[in-house]
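Spelled out, the chains give:
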Amino acid sequence: MKKLISLFTLILVITFSANAQEVKTVSLEQTKGEFTQKEIKLSEGSYVFNITNNNVGTDVGFVLVPKGKDASDAKNHIKEAYVTKVVADGKTESSKTVTLQKGTYTYFCPLNKTPQYTLTVE
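Residues numbered from 1 in each chain as written. Predicted model: local features only at pLDDT ≥ 70, side-chain atom pairs only at ≥ 80, totals over all residues. Heavy atoms only, no water.

Caption draft 1: Geometry of the nonpolar core. Judged by nonpolar contacts, the single largest core of 24 residues is most densely connected at Leu28, Phe49, Phe62, Leu64, Leu100, Tyr107 and Leu119. Going through the elements one at a time, strand S1 (23-31), strand S3 (39-42), strand S4 (45-53), strand S7 (98-100), strand S8 (103-108) and strand S9 (117-121) are the ones with two or more residues in this core. Each residue touching Phe49, except ones within four places of it in the same chain, is listed here: Val26, Leu28, Phe62, Leu64, Glu93, Ser94, Ser95, Val98, Leu100 and Leu119. (Core = buried A, V, L, I, M, F, W, Y, C linked by side-chain atoms within 4.5 Å. Buried < 20%, exposed > 50% of the residue type's maximum accessible area, 1.4 Å probe, protein only. Helix = DSSP H or I, 4+ residues; strand = E, 2+ residues; numbered from the N terminus. Contact = heavy atoms within 4.5 Å.)

Caption draft 2: Region of the structure containing the environment of Gly103. Relative to the helices and strands, Gly103 resides in strand S8. The spatial distance from the C-alpha of Gly103 to the C-alpha of Leu119 is 8.6 Å, given a sequence separation of 16 residues. Sequence-distant contacts of Gly103, defined by excluding residues within four places in its chain, comprise Leu119, Thr120 and Val121.

Caption draft 3: Fine view of the sheet that holds strand S5 (residues 63-66). Reading across the sheet, the four strands line up as S3-S9-S8-S5 and stay open at both edges, with mixed pairing between neighbours. Only two strands of the sheet have a single neighbouring strand rather than two, namely S3 and S5. In this sheet, neighbouring strand axes are inclined to one another by 25° on average, regardless of whether the strands run parallel or antiparallel. (Pairing = 2+ DSSP bridges. Axes fitted to C-alpha atoms, helices over the stretch in contact; angles between N-to-C directions.)

Caption draft 4: Spatial organisation of the confidence of the model for the chain. Confidence in the prediction for the chain averages 89 pLDDT; 83% of positions are at 70 or higher. Here residues 3-10 is modelled with pLDDT under 50, and outside its nearest four sequence neighbours on either side it reaches zero contacts, counting other chains as well. Low pLDDT (under 50) marks residues 15-19, which in the prediction has zero contacts with non-local residues, meaning those over four places away or in another chain. (pLDDT = per-residue confidence, 0-100.)

This is the structure we're talking about:
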């Protein structure tokens, strides 16, 4: 019985290890009225977005929406991508972990009134 439990435990550990994903970081910088990165290409996976406020003069944030969805409607936003705290001048804040699948997304900052940019997951 002990051997059976040990074998079952070993199988569970291997399964969980194989399914664990590496979380990657995407660093984005905002200046007055824009992101310095105009387009992003990523592979499928899990990401944390670090957003830096480079002297915008106001707090900034980050919104990520699947392309084709109404970006002005908060119900379409990927909430995990929001920074956990608005980003003050000269500071950097992070989002929670976001798992992205293949497709096209739009990102922008409504506080800094940036254009909408494209993030592509291949």
